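# Survey of secondary and tertiary structure
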Amino acid sequence: MIDWTYEQDGLVVTASRAGGKARIHWSGVSDSRSPSAFLVPVEQELLTHLRDAEVTVDFSQLEYMNSATVAPMLSLIKGLDAIGKPIVVIFSTADWQRPHLKCMTAVARTLKNVTIEGRAQQ
Amino acid sequence: MQPEFQTTIRPVWHYVREIRTHVGEALANYPSEVRTAATITAAELLENAIKYGESMTQAPSIQFSLAVNNDELRIETVNGCTNPRGLKELRDRIDELAAARDKVSLYLTRLEELLARPSETGKLGLYRIAFEGEFDVVCTIKDNIVTVTATRKIS
């Protein structure tokens, strides 16, 4: 298994790949003024590392994100969708993520390979 | 005792996280959904005040307040701003929210725009306050002092 970790100001994004399957896990808090400045380069690296992989992106452990994080989050999901392999995106069914789960389920209908799932908070 | 919290801050980003934490603590005895809505709303209002506000003689800092009166939760920011384009955009967005029967549609439309054009950012905070937080938002602008007030019922 190969692992990558990206961390900035309370936000931790870890990725791992074993063969044709990969996982991206978000945790901590994303509330910086310009999350794109950190996340866009992370996205570019991850898309290179995870080329041709089936990817699960797990946001369920993310404690908080500001509205400025939404754009780079969508950009990552859209970039993964373009890989052409099945992508699963997980949100928590608890509290602040519940609206995101609902909205992403609606929005993801325009993406060919993305499935949105809800997971009860552990 | 009804929770109440007021503070004045310089437009420095780290205060957003601090105040978000204070808001959560002030509402510790309230339902999780209310606490979450309030912390999101407080943070998004403060982010806007810092990003788009200006320090002026009449308003050198940003004022933030949280109050619960009877069954109503009220979160407010006050800051200076002389940018006419920014002020118009604020008014337009709040008027749009007030007129919208279905706030989730505004939010979804903006998400779809961001999905289609990932290099775009912003213009989601007020929608988030209205949709996720279920707050009503109004603003008053007088002598370049902007007061944005978000209110919602607790029960």
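Details of the structure are given in the entry above.
These figures come from a predicted structure and were not determined experimentally.

### What to know about the pairing of strand S6 (residues 87–92) of chain A
Regular strands place side chains that alternate from one sheet face to the opposite one. Residues and elements named next belong to chain A. Burial of S6 is extensive: 5 of the 6 residues sit out of reach of the surface. In this structure, strand S4 (residues 54–58) lies alongside S6, joined through 4 bridges in parallel fashion. When the bridges of S6 are listed, Val57 appears paired with Val89. In this fold, the crossover linking S6 to strand S7 (residues 114–119) by way of helix H3 (residues 97–107) has right-handed handedness.

### Some words on the side chain of Thr151 of chain B
All names here are of chain B. Summarising the element assignment, Thr151 is placed in strand S5 (residues 145–153). Thr151 sits in the buried class, given a relative accessible area of 17%. Discounting residues that sit within four places of it in the chain, Thr151 has contacts with Glu72, Leu73, Arg74, Glu134, Phe135 and Asp136.

### Re the pairing of S5 of chain B
All names here are of chain B. Across the 9 residues of S5, 8 count as buried, placing the element largely inside the fold. Across 9 bridges, strand S3 (residues 72–80) lies against S5 in antiparallel orientation. In the strand pairing of S5, Glu72 is matched with Lys153. Sheet topology places strand S4 (residues 136–142) next to S5; 7 bridges connect them, and they run antiparallel. Within the sheet, the bridge partner assigned to Ile141 lies in S5 and is Val146.

### Digging into the interface of chain A and chain B
Between chain A and chain B, the contact holds 24 residues from the first and 28 residues from the second. For the pair chain A and chain B, the two sides together bury roughly 2,300 Å², of which 60% comes from carbon and sulfur. Ranking the residues of chain A by area buried against chain B places Arg33, Tyr64 and Ser67 of chain A at the top, with a combined share of 25%. On inspection of chain A and its partner chain B, the count reaches 3 salt bridges.

### Points about the sheet that holds strand S1 (residues 4–9) of chain B
Strand pairing within a sheet occurs via backbone hydrogen bonds; the two strands may be parallel or antiparallel. Residue and element names in this part refer to chain B. Here we have 5 strands laid out as an open sheet, ordered S1-S2-S3-S5-S4, and antiparallel in their pairing. Because the sheet does not close on itself, it has two edges, and the strands there are S1 and S4. Neighbour-to-neighbour, the strand axes of the sheet open up by a mean angle of 10°, direction not taken into account. Helix H2 (residues 32–52) rests against S1, strand S2 (62–69), S3 and S5 of the sheet, and its axis sits at about 10° to S3.

Calculation notes
- Residues numbered from 1 in each chain as written.
- Chains lettered and ligands numbered in written order.
- Predicted model: local features only at pLDDT ≥ 70, side-chain atom pairs only at ≥ 80, totals over all residues.
- Heavy atoms only, no water.
- Buried < 20%, exposed > 50% of the residue type's maximum accessible area, 1.4 Å probe, protein only.
- Helix = DSSP H or I, 4+ residues; strand = E, 2+ residues; numbered from the N terminus.
- Pairing = 2+ DSSP bridges.
- Right-handed = clockwise from strand over helix to strand, strands pointing away.
- Contact = heavy atoms within 4.5 Å.
- Buried area = accessible area lost by both parts, 1.4 Å probe.
- Salt bridge = Lys/Arg side-chain N within 4 Å of Asp/Glu carboxyl O.
- Axes fitted to C-alpha atoms, helices over the stretch in contact; angles between N-to-C directions.

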